[in-house]
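Summary of the model geometry
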Number of protein chains: 2
Amino acid sequence: MLAFDARHGSTKAALFDNSGQMLGFSHTSTPVCDVTPAESLMLHIEDLTTQFARDFPKVTPTAAGLIAPGIVDDHAGIAILSASLRWANVPYKRLTEDRLRLPSTFSNTARAIGEAEFRLGAARPYKNVVVVRFGTRITASLFIDGKAHDGGGFAGGIGHSIVDAQGEKCLCGSHGCLDTVASGGAIVRRYANLTGDAVTGAEDVLERARNGDTAAEGVWNDALEALALAISQVAAVIAPEAIVIAGGVARAGDELFVPLRRRLDDLLSFHRRPTVLPAILGPDSTLLGAALRARSVV
Amino acid sequence: MLAFDARHGSTKAALFDNSGQMLGFSHTSTPVCDVTPAESLMLHIEDLTTQFARDFPKVTPTAAGLIAPGIVDDHAGIAILSASLRWANVPYKRLTEDRLRLPSTFSNTARAIGEAEFRLGAARPYKNVVVVRFGTRITASLFIDGKAHDGGGFAGGIGHSIVDAQGEKCLCGSHGCLDTVASGGAIVRRYANLTGDAVTGAEDVLERARNGDTAAEGVWNDALEALALAISQVAAVIAPEAIVIAGGVARAGDELFVPLRRRLDDLLSFHRRPTVLPAILGPDSTLLGAALRARSVV
C-alpha cells in the first residue's frame, strides 16, 4: 500500500505491507506550482513511488491512498476546494489511478486521521464518535452508527461552525467561526495582537500561560471556551458517545483535556455527555488512514 | 396499524390500513396521574384500541406505534426522560406489546414527524436531511445517508444546543439554549416580559410584528437569528442537503422561510448550503410516522 499525505509545505509518503507495517517513509517538500499544481503533485507522487520501488524492489504495492487538506468528496474522489494548496474541483482519485496505474483513494486530512483513530486508535470502542483535529486549524471527521459520514465532502467542518456571530471575520468569509478563536493559528495570532510578541506556536502561548502570563491565559481560556461550546453543540445535535481529539494542540495533554472536560460538563444538562479522549496514534496517523483507505479498495 | 401520539394534555389515536389510509381517528385527554403515569397511559391506549375494534369490527390491527415527547431510545423502546409527562426510564415498547398483544414500536414526536416527512413528505428527495420541529419547543430528527440517526435517543436535541453561553437560563439547566430564544414558547414569554401583554401563541407575536409593533419585531428577529445560527452550525458539522421545518411556528410560511433563508445565507461561506423547506404533511404527521414505524415491525 502506498500512502501520501500532501500538505502545504511538505509531503509525507509511506509504503505499507498488507499487515499495516510501515516499510518505507519519506518526507519531502510539496512542489509549489501556481500554473499546474495538480500535474506537479502527480509528478511528485510518481517520483516518490519510483523511489520506493528502488528501495524495496521485492514489494509490489497494490493500491494507493492520497490525502490532502481541504474539502474533499471521498466518493467522487475530487478535491472540491483547498485554499492552502490552491485547488478547486481536481479529480485526484482518477489522476492518481492514471499516474500510478493502481486502484486509488482520495480523502482529506481530517478524515484520514479519523479513519486511523476509528479503526485502530482511541475511537475504536465507539460506533458514534467525532474525531477532532485540533492543530493550526480545527477540522473533524464524523462516524455515525459505525460508518464515516462525509456529507458530500463538507461534513466535519467544525472549525467553520460559528461560535459568535458578532465575532472576528474568518478567512472563509463568515464571522466568528470556531477557527477564529480556538485554532492553533488563532491562539498564536490573538496572543501576538494582544502583546506584540511573535510566538511560533500555540504551545508557546500555553507555556506562557503556565508561567503566569495573563494575556496568554486569556487567549488559551477563550480557545477552550469556544471549543467546549462547539463540542456541546455537537453533543446536543448528534449525541456521539465520544469525542477524540488529535492534532498538534491536543498534545498539550491534561492542560487541554482537564479544563475542556470541565467546561463541557458545565455547558451540558440532560444531554448525552460524550467521553472526551486524546487520540493515540500520533502525527503519522494521516498516512495510516491513507493506507487503510487504500487497503479497502484492493 | 394502530398509531398513538400521547402528549401533555391530549392524545391522538388513529387506525390505519396497510396502504396508509387513515380509517379511524380520536382525540382524547391524556390521563393525568402522578402515581402510575405509565400504567394509566397503557389503560388509556387499551381503551382507545377497544373503541377502534368496536367502530371497525372488520379491521384487525397487526402492529402498534406509540409516540411520546421527550428523550426516547427507539431501539430499546424506552422513554428515557419526559419532563412534561413526568416519565423516566419507562419501557413503553414492551408495555405496549404486553397490553395490546401486538408487535409495537415506540419513538418520540420529533422522530415520528421526521419519519413521515422523510418517507412521504418534503424530506423524501434527500438522503442527508434534518427535520426540525419548530413549535412550542424546538426538536429535530436526523437522517444520515438514508437512515434515521437517534444517538441512543439523544440525537436531534437542537433546541438544547447553546446559541449564547451567556444567555438566559433554560428549563433544562443549561444557559442560552436555542429554545430560550427561538421556540414558540420563548417567543411568547419574551414578548410578554417586554410588554406586559399576554399573548396566546407565537403567531400572535408575528401578527403584531406585521402590524409594526417594534417589541414583537425584535422578539421575532431574535428568534430567526438564533434559529439561523443553530442551523448554520448543523450545516458546518453535518452538511445535510436540506433542512425541513415542521411544527406550529413553521406554518408562518414565507414570513419565516424568506428571512430565515436570507440569514442562513449570510452566515455561511464555503459550506454546503442546505435547502430550507417547509414540511408538507401537517399536524397529523406524528400519527403517520407512528404508523410507518409500526408497519416496519409487522
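Residues numbered from 1 in each chain as written. Chains lettered and ligands numbered in written order. Predicted model: local features only at pLDDT ≥ 70, side-chain atom pairs only at ≥ 80, totals over all residues. Heavy atoms only, no water.

As a reminder of what qualifies: UniProt positions are given in the numbering used here, feature names are shortened, and annotations may be inferred rather than shown by experiment.
If you look chain A up in an unreviewed UniProt entry, it shows as ROK family protein from Cryobacterium psychrophilum. Its UniProt record gives chain A the following Sequence similarities (unreviewed entry) comment, quoted word for word: "Belongs to the ROK (NagC/XylR) family."

1. Side note on the packing of helix α3 (residues 109-120) of chain B against helix α9 (residues 285-295) of chain B
Residues and elements named next belong to chain B. Formally: Working convention: axes come from line fits to C-alpha atoms, limited for helices to the stretch in contact. Angles between N-to-C directions cover 0 to 180 degrees. Only runs of H or I of at least four residues qualify as helices and only runs of E of at least two qualify as strands under DSSP, and these elements are numbered from the N terminus. Angles are sorted into four bins: roughly parallel if under 35 degrees, roughly antiparallel if over 145, roughly perpendicular if 65 to 115, and oblique for all others. Contact criterion: two residues are considered in contact whenever any of their non-hydrogen atoms come within 4.5 Å of each other.
Contact geometry for α3 and α9: axes closest at 7 Å, N-to-C directions at 80°. Between α3 and α9, the angle falls in the class roughly perpendicular. Listed contacts from α9 to T109, A112, I113, E115, A116, R119 and L120 of α3 are S285, T286, L288, G289, A290, L292 and R293.

2. Regarding the environment of A:S84
Residues and elements named next belong to chain A. Let me state the cut-off plainly: Accessibility here uses a 1.4 Å probe with only protein chains present; expressed as a share of the type maximum, an area under 20% marks a residue as buried, one over 50% as exposed, and anything in between as partly exposed.
Structurally, S84 is set in the loop between β6 (78-82) and β7 (87-90). Of the residues examined, S84 reaches a relative accessible area of 27% and is grouped as partly exposed. The contacts of S84, once residues within four sequence positions are left out, are H8 and P69.

3. Overview of unusual backbone geometry
Only a minority of non-glycine residues have a phi that is not negative, and only a minority of peptide bonds are not trans. All names here are of chain A. In this model, N89 sits at a positive phi of 55°, which is unusual for a non-glycine residue. As for its placement among the helices and strands, N89 is situated in strand β7. Positive phi, normally seen in glycine, also occurs at R101, with a value near 55°. A relative accessible area of 73% places R101 in the exposed class.

4. Points about the domain arrangement of chain A
Reports often express the size of an interface as the amount of accessible area lost when the parts come together. Residue and element names in this part refer to chain A. What counts, and what does not: An automatic or database domain assignment provides the domain bounds reported here. Defined here as a combined quantity, buried area equals the accessible surface (1.4 Å probe) lost by two parts on assembly, summed across both. Between Lys or Arg on one side and Asp or Glu on the other, a salt bridge is scored when a side-chain nitrogen of the former is within 4 Å of a carboxyl oxygen of the latter. Polar contact is the term for a pair of N or O atoms within 3.5 Å; when the atoms are in protein, one must be able to donate a hydrogen and the other to accept it, and sequence-neighboring residues count only if both atoms are side-chain atoms. In this classification, the charged set is Asp, Glu, Lys and Arg, the nonpolar set is Ala, Val, Leu, Ile, Met, Phe, Trp, Tyr, Cys and Pro, and all remaining amino acids, among them Gly, are polar.
When the domains of chain A are assigned, the result is domain 1 (2-109 + 284-295) and domain 2 (122-278). A C-alpha centroid distance of 27 Å is found between domain 1 and domain 2. Facing 8 residues of domain 1, the contacting portion of domain 2 comprises 5 residues. Of the roughly 520 Å² buried between domain 1 and domain 2, counting both surfaces, carbon and sulfur atoms make up 53%. At the boundary of domain 1 with domain 2, the tally comes to 0 salt bridges. On the surface where domain 1 and domain 2 come into contact, there are 1 residue pair in polar contact (both at pLDDT 80 or more). Among the elements that take part in the side of domain 1 that touches domain 2, strand β5 (residues 71-73) stands out by supplying 3 residues, more than any other. Residues that form the side of domain 1 that touches domain 2 fall into these classes: 3 nonpolar, 2 polar and 3 charged.

5. Remarks on the nonpolar core
The test is simple: Buried Ala, Val, Leu, Ile, Met, Phe, Trp, Tyr and Cys residues that are joined via side-chain atoms within 4.5 Å together make up what is termed a nonpolar core.
In terms of nonpolar packing, the biggest core is built from 99 residues, with A:I245 and B:I245 touching the most fellow members. Those residues in contact with A:I245 that lie beyond four places of it in its chain are A:V132, A:F134, A:I231, A:A250, A:L256, A:F257, A:L260, A:V276, A:L277, A:P278 and A:A279.

6. Considering helix α8 (residues 254-267) of chain B
All names here are of chain B. Filter applied, for reference: A helix is expected to reach a length of 1.5 Å times the quantity of its residues less one.
Between the first and last C-alpha of α8 there are 19 Å, a value that for 14 residues agrees with the 20 Å anticipated at 1.5 Å per step. Every buried residue of α8 is listed here: L256, F257, P259, L260, R263, L264 and L267. Each element contacted by the buried residues of α8 is listed here: β9 (129-134), α7 (214-237), β12 (242-246) and β13 (275-278).

7. Some details on the pattern of salt bridges
Inspection of every chain in the model, using the stated rule, returns 32 salt bridges over all chains. Between A:R263 and A:E225 there is a salt bridge whose closest N-O contact spans 3.2 Å. Here A:R263, found in helix α7 (residues 254-267), pairs with A:E225, found in helix α6 (residues 214-237); they are 38 residues apart in sequence, far enough to count as distant. The exposure class assigned to A:R263 is buried, which follows from its relative accessible area of 13%. In this structure, B:E168 engages B:R189 in a salt bridge whose closest nitrogen and oxygen atoms are separated by 2.8 Å. Placement of B:E168 in the loop between β11 (147-149) and α4 (179-182) and of B:R189 in helix α5 (residues 184-195) is noted, with a sequence separation of 21 residues between them. Here the salt bridges do not stand alone but share partners, grouping A:E39, A:E46 and A:R99 into one network.

8. A few points about α9(B)
Residues and elements named next belong to chain B. With 10 of 11 residues buried, α9 is to be regarded as a mostly interior element. Within the span of α9, buried status applies to S285, T286, L287, L288, G289, A290, A291, L292, R293 and A294. Among the structural elements, β1 (2-6), β2 (10-16), β3 (22-29), β4 (64-68), β8 (104-108) and α3 are those in contact with the buried residues of α9.

9. A word on the side chain of B:H271
Along the polypeptide, B:H271 turns up in the loop between α8 and β13. When its relative accessible area of 7% is taken as the criterion, B:H271 is described as buried. Not counting residues within four places of it along the chain, the set of residues in contact with B:H271 comprises A:F154, A:H160, A:S174 and B:A236.

10. Topic: the relation of the copies chain A and chain B
Between the two chain copies there is a screw-like relation: a rotation about an axis and a shift along it. Note the threshold: Copies overlap after least-squares fitting; the atoms used are the C-alpha atoms of residues with pLDDT of at least 70 in both.
Note on the copies: chain A fits chain B at an RMSD of 0.0 Å, the axial shift is 0.0 Å, and the rotation between them is 180°. What the rotation and shift describe, once combined, is the action of a two-fold rotation axis. Here 100% of the contact residues of chain A are again contact residues in chain B; the copies associate through an equivalent surface.

11. Digging into the environment of B:F4
All names here are of chain B. Structurally, F4 can be placed in strand β1. By relative accessible area, F4 is classed as buried at 0%. A sequence separation of 257 residues divides F4 from R261, and the C-alpha atoms of the two residues are 34 Å apart. Aside from chain neighbours lying at most four places away, what touches F4 is K12, A13, I45, L48, T49, A64, G65, L66, I67, L100, L287 and A290.

12. Focus: the packing of aromatic side chains
Residues and elements named next belong to chain A. The criterion, for reference: Paired rings are identified among Phe, Tyr and Trp, the last through its six-membered ring, by centres lying within 6.5 Å, and are further divided according to the angle between planes into stacked (under 30 degrees), edge-to-face (over 60) and tilted (the rest).
Scanning the model with the defined rule gives 6 aromatic pairs over all chains in all. The interplanar angle of 55° and the centroid separation of 4.6 Å between the aromatic rings of W87 and Y92 together place this pair among those described as tilted. Since its relative accessible area comes to 0%, Y92 is described here as buried. With centroids separated by 5.3 Å and ring planes inclined at 55°, the aromatic side chains of Y92 and F106 adopt a geometry described as tilted. Taken together, the residues Y92 in helix α2 (residues 92-100) and F106 in strand β8 (residues 104-108) connect sequence positions 14 residues apart. By way of ring pairs, the aromatic residues W87, Y92 and F106 are connected into one cluster.

13. Thoughts on the interface of chain A and chain B
Of the residues lining the interface, 36 residues belong to chain A; the matching set on chain B comes to 36 residues. Summed over both sides, the interface between chain A and chain B buries roughly 2,900 Å², with carbon and sulfur atoms accounting for 63% of that surface. Viewed at the interface, chain B and chain A are joined by 0 salt bridges. At the boundary of chain A with chain B, the tally comes to 16 residue pairs in polar contact (both at pLDDT 80 or more). A total of 6 residues in the side of chain A that touches chain B trace back to one element, the largest contributor, which is α6(A). Of the residues in the side of chain A that touches chain B, the class split is 20 nonpolar, 14 polar and 2 charged.

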